[in-house]
Amino acid sequence: QARAARRKIAVFDAEAYGDPASNLSLMSGMLRAIEDGHVELFYQPKFDLRRRGVHAVEGLVRWRHPVRGMLRPDLFIPMAEETGHIRALTDWCLRQAIVDQKLMAEAGHEIEVAINVSGRLLGDPEFADLVEVLAPQACGKLIFEITETAVIENPDLALTILDRFKAAGVDISIDDFGSGLSSLAYLKQIRGHELKIDRSLVVDLTQSQRDALIVRSTIDLAHSLGLKVTAEGIEEPDAFQLLAAMGCDQIQGYLIGKPQTLTDLMDFLRDDRGE
Ligand code: C2E
Ligand code: CA
Ligand code: CA
Ligand code: CA
């Protein structure tokens, strides 16, 4: 009964995203899309400001829809979260990230690979079961960027599941910090390894003294908690310099590289090493 009710809510919420018929068929097509290889992981480099090179990437999912063309995640992730399809999608991302990391290693690139994990999966012990099986098979460091899309319903369970990820060797990254969804309360609860400063916090960094103060304080706060800091959405060389001066650890953004196919990423990594 509860399940039926939840399904009804999922149907109702899907309507909020636009044309209900096409969105529902979009979701029912997602599992097929995964099976048919229409879903792909793109990778965006993270530039290490101290080591002056790329040693980490973030996987960002893309859906090559045969009719609608290339779909960006903002179009289907929220719905996938509502309908529960996010679980199958994330399972796939995890497997793919491990395969791709191995391919990178075979090409001589030792790269930390991050995937995005919806806060909703912190309520899914079966996902943690899978992580415990798969993560030890990875040939390098795996990172889960935890994206908070809704209030975590059961904080105790969420913390237990996070501990299970960590015990399986996965590093935890607090994503979109400062975006409104990811806040200080979140930082207080989650003991992670990395904090990602949301693009909205850094977008006016070089124009506004006030924004610069906020970013600097955020970096210091994170460091005092033992977290590595990655600033995302960096497009300007001036922001790069300023963040380096502020002691930020990594930057990510179009300035360094866009999300790209594994093939393009491999070329990028080869050039990055100056080969
Ligand atoms: P995010 O984790 O904050 O990822 C960064 C987004 O900013 C990406 O959009 C990326 O393409 C974009 N971006 C990167 N650098 C720049 C820049 O310099 N300037 C600008 N303007 N944008 C930049 P994308 O790929 O469309 O992903 C959107 C969001 O979808 C992600 O935000 C993430 O929250 C979510 N997402 C993507 N893949 C997955 C996934 O596999 N699972 C889950 N749960 N969420 C995912
Ligand atoms: Ca992310
Ligand atoms: Ca982010
Ligand atoms: Ca963001």
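To be clear, the structure that these remarks concern was listed above.
First, a word on scope: everything that follows refers to the structure included in this document. Values in this document were obtained by computation on a predicted structure and should not be read as measured data. Every chain is numbered on its own, with residues counted from 1 as its sequence reads. Throughout, the order in which chains and ligands are written sets their labels, letters from A for the former and numbers from 1 for the latter. Only residues with pLDDT of 70 or above have their local features reported here, since the model is predicted, and side-chain atom pairs are shown and tallied only from 80 upward, although totals for entire chains, interfaces and linings are computed over all residues. No hydrogens and no water enter the side-chain calculation; it runs on all heavy atoms of the structure.

**Concerning the coordination of the calcium ion (ligand 2)**
Think of it this way: four donors in a tetrahedron around the metal ideally sit 109.5 degrees apart, and six in an octahedron ideally sit 90 or 180 degrees apart. Distances from the calcium ion (ligand 2) to its protein donors, Glu58 (OE), Asn116 (OD1), Glu145 (OE) and Asp175 (OD), fall within 2.2 to 2.3 Å. Metal-coordinating donors are taken as N, O and S atoms lying within 2.8 Å of the metal, or within 3.2 Å when the metal is Na, K or Ca; because water is left out, some sites can appear incomplete. Counting the intervening residues between successive donors of the calcium ion (ligand 2) yields the motif E-x57-N-x28-E-x29-D. Separation of the calcium ion (ligand 2) from the calcium ion (ligand 3) amounts to 3.6 Å, with Asp175 serving as a shared donor to the pair. With Asn116 in strand E4 (residues 112-118) and Glu145 in strand E5 (residues 142-147), this pair connects stretches of sequence that are 29 residues apart. Numbering of helices and strands runs from the N terminus; a helix is a DSSP stretch of H or I covering at least four residues, while a strand is a stretch of E covering at least two.

**Describing the nonpolar core**
Among the nonpolar cores identified, the biggest contains 79 residues, and Met104, Phe144, Phe165, Leu243 and Ile251 are the most heavily contacted of them. Tallying contributions element by element places helix H4 (residues 86-106) first for this core, with 8 residues. Residue contacts are counted whenever heavy atoms from the two residues lie within 4.5 Å of one another. Residues contacting Phe165, with those up to four places away along its chain left out, are Leu122, Phe127, Ala128, Val131, Phe144, Val170 and Ile172. Joining through side-chain atoms within 4.5 Å is the link that ties buried Ala, Val, Leu, Ile, Met, Phe, Trp, Tyr and Cys residues into a set, and such a set is a nonpolar core. Residue exposure (1.4 Å probe, protein chains only): buried if accessible area is under 20% of the type maximum, exposed if over 50%, otherwise partly exposed.

**Digging into the packing of H4 against helix H5 (residues 125-134)**
Geometry of a packed helix pair, given as the angle between the helix axes and the separation of the axes. Contact pair H4 / H5: the axes reach a minimum separation of 11 Å and the direction vectors enclose 10 degrees. Classified by the interaxial angle, the pair formed by H4 and H5 is roughly parallel. Two secondary-structure elements touch here, H4 through Arg87, Thr90, Asp91, Leu94, Arg95 and Ile98 and H5 through Glu126, Phe127, Leu130, Val131 and Leu134. Throughout this entry, Asp, Glu, Lys and Arg are counted as charged residues, while Ala, Val, Leu, Ile, Met, Phe, Trp, Tyr, Cys and Pro are counted as nonpolar. The remaining residues, Gly among them, count as polar. Looking at the contact of H4 with H5 residue by residue, the class counts come to 6 nonpolar, 1 polar and 4 charged. The axes are straight lines fitted to the C-alpha atoms, using for helices just the contacting stretch, and the angles between their N-to-C directions are given from 0 to 180°. Convention used here: angles under 35 degrees read as roughly parallel, angles over 145 as roughly antiparallel, angles from 65 to 115 as roughly perpendicular, and any remaining angle as oblique.

**Thoughts on the coordination of the calcium ion (ligand 4)**
Looking at the calcium ion (ligand 4), the protein donor atoms are Asp176 (OD), Asp198 (OD) and Glu232 (OE), and they sit 2.3 to 2.5 Å from it. The sequence pattern formed by the donor residues of the calcium ion (ligand 4) is D-x21-D-x33-E. Here the calcium ion (ligand 3) and the calcium ion (ligand 4) are spaced 3.3 Å from one another, each receiving a donor from Asp176. Of the two residues, Asp198 sits in the loop between strand E7 (194-197) and helix H8 (199-202) while Glu232 sits in the loop between strand E8 (228-231) and helix H10 (237-245), which places them 34 residues apart along the sequence. Glu232 sits in the buried class, given a relative accessible area of 13%.

**Examining the site of ligand 1**
Close contacts around ligand 1 come from 24 residues, with Gln44, Arg62, Arg72, Glu235 and Tyr254 the closest. Two N or O atoms form a polar contact when they lie within 3.5 Å of each other; inside protein one atom must be a possible hydrogen donor and the other a possible acceptor, and for residues adjacent in sequence the pair counts only when both atoms belong to side chains. The side chain of Glu232 places a nitrogen or oxygen atom 3.3 Å from an oxygen atom of ligand 1. Tyr254 is positioned with one of its backbone polar atoms (N or O) 2.7 Å from an oxygen atom of ligand 1. Counting residues per element, the ones that place at least two in the shell around ligand 1 are strand E2 (53-65), helix H3 (73-83), H4, E4 and strand E6 (170-177). Examining the composition of the shell around ligand 1, we find that 4 residues originate from one element, E2, more than from any other. Looking at the shell around ligand 1 residue by residue, the classes come out as 9 nonpolar, 6 polar and 9 charged. Nearness is defined per residue: one heavy atom within 4 Å of the molecule or strand is enough.

**Description of empty space enclosed by the protein**
The rule is simple: put a 1 Å grid over the protein atoms alone, call a set of points where a 1.4 Å probe fits but cannot get out a cavity, call an open set with protein on both sides within 12 Å along at least five of seven lines a pocket, and count a residue as lining if it has an atom within 4 Å of a point. Grid points are joined across faces, edges and corners, and a volume is the space filled by probe spheres set on the points. Summed over all chains, the structure comprises 1 cavity of 30 Å³ or more. For the largest cavity, the calculated volume is near 40 Å³. In terms of lining, the largest cavity is formed by Ile152, Pro155, Ala158, Leu159, Leu162, Gln189 and Ile190. In terms of residue class, the lining of the largest cavity is built from 6 nonpolar, 1 polar and no charged.

**So, the side chain of Asp100**
Mapped onto the elements of the fold, Asp100 is located in helix H4. Here Tyr43 takes part through its side chain, which lies 2.6 Å from a polar atom of the side chain of Asp100. Leave out the neighbours within four places in its chain, and Asp100 touches Tyr43 and Leu262.

**Quick word on the pattern of salt bridges**
Working definition: two side chains of opposite charge can pair if their charged atoms are close together. Salt bridges are counted wherever a side-chain nitrogen of Lys or Arg sits within 4 Å of a carboxyl oxygen of Asp or Glu. Going through the model one piece at a time under the given rule, you end up with 19 salt bridges. Residues Glu145 and Lys46 are paired through a salt bridge, measuring 3.0 Å at the closest nitrogen-oxygen approach. Residue Glu145 is located in strand E5, and its partner Lys46 is located in strand E1 (residues 39-48); the two are separated by 99 residues in the primary sequence. We note that Glu145, like Lys46, is buried. In this structure, Glu145 engages Lys196 in a salt bridge whose closest nitrogen and oxygen atoms are separated by 2.9 Å.

In short, shape yes, function no, at least from these values alone.
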